[in-house]
Structures are given as C-alpha cells and as structure tokens.
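# Coordinate inspection notes
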Amino acid sequence: QVQLVESGGGLVQAGGSLRLSCAASGNIFSINAMGWYRQAPGKQRELVAGITIIGRTNYADSVKGRFTISRDNAKNTAYLQMNSLKPEDTAVYYCAAGTNWPYNEMNYWGKGTLVTVSS
C-alpha cells in the first residue's frame, strides 16, 4: 500500500499562484508515476498533470503553460506549481500514484485539498 498526503491548497485571487505538495509513504518502490487530478463541483474528476519516475510529463490542455508538475524522488514528493490561476481552476485537487501509469489508471489516491480561486 501507498499513502499520499496533500498540502498547499487554499484561497487565492485570480492571477495568483499556489504550490501543492504530495508526500508518498509506504510501498513507494512500486510507484512509477505520480499525478494530480481535480474535481470541480458538478463535474467529473479530470487529470491535471502527471509525471513518471523518469520525468515524462502529461498536462491537461487547460493548464498547459500555467501549471508545472515536478517530483523529488529522494523525498518521495510530487509538486504542482500553479500560476496565473483562474476561477475555473477552483476544485478539490487529488494527488495520485500509479504502478503502471499512463497505461493503467492510478492505483492510490490522497484525500484531496481544496483550491479556491476568487475573481
């Protein structure tokens, strides 16, 4: 099993920045990728960004050029730097980890952290 704990959410004005962190623990050697998903009220959960252990990244079109995902393998931590935030970025952001992503769905999920962007 892998445990994921997110931090860094909060309230920010449009145009501002936030950085989310996700610390992984447990059977981390099974993980090949970590990522961030989000779910806005009334919408389905969607991939925001993912990164594999060798640094391959994938971003949703809506966040390209504004968000950057990174990971520190030594600290078993993934980050999501969010710049130029928009009200439509408001959502609960979930950290996820997978053993065979992107070929399979993520296996492990955090509890989520709320990001609210005011206009």
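Look up a bit, the structure's there.
What you are looking at is a predicted structure, and each value in this text was computed from that prediction instead of being measured. (Residues numbered from 1 in each chain as written. Predicted model: local features only at pLDDT ≥ 70, side-chain atom pairs only at ≥ 80, totals over all residues. Heavy atoms only, no water.)

Attention shifts here to the nonpolar core. One finds Leu-4, Met-34, Trp-36, Leu-80, Met-82 and Tyr-93 to be the most contacted residues of the largest nonpolar core, which totals 31 residues. When residues of this core are traced back to their parent elements, those giving at least two are β1 (2–7), β3 (18–26), β4 (33–39), β5 (46–52), β7 (67–72), β8 (77–82), β9 (91–98) and β11 (113–118). Non-local contacts of Tyr-93, meaning those with residues more than four positions away in its chain, are made with Glu-6, Leu-20, Trp-36, Tyr-37, Arg-38, Val-48, Phe-67, Leu-80, Met-82, Gly-112, Thr-113 and Val-115. The next biggest cluster of nonpolar side chains, apart from the first, holds five residues, and it includes Ala-33, Tyr-37, Ala-96 and Met-106. (Core = buried A, V, L, I, M, F, W, Y, C linked by side-chain atoms within 4.5 Å. Buried < 20%, exposed > 50% of the residue type's maximum accessible area, 1.4 Å probe, protein only. Helix = DSSP H or I, 4+ residues; strand = E, 2+ residues; numbered from the N terminus. Contact = heavy atoms within 4.5 Å.)

Here we take up the sheet that holds β3. Neighbouring strands of a sheet are bound in pairs by backbone hydrogen bonds; such pairs are parallel or else antiparallel. Spatial ordering of the open sheet is given by β1-β3-β8-β7, a layout of four strands whose pairing is antiparallel. Only two strands of the sheet have a single neighbouring strand rather than two, namely β1 and β7. Neighbouring strand axes in the sheet, compared pairwise and without regard to direction, differ in orientation by 15° on average. As judged from the six bridges shared by β1 and β3, these two strands associate in the antiparallel manner. Note on β3: the bridge partner recorded for Val-2 is Gly-26. (Pairing = 2+ DSSP bridges. Axes fitted to C-alpha atoms, helices over the stretch in contact; angles between N-to-C directions.)

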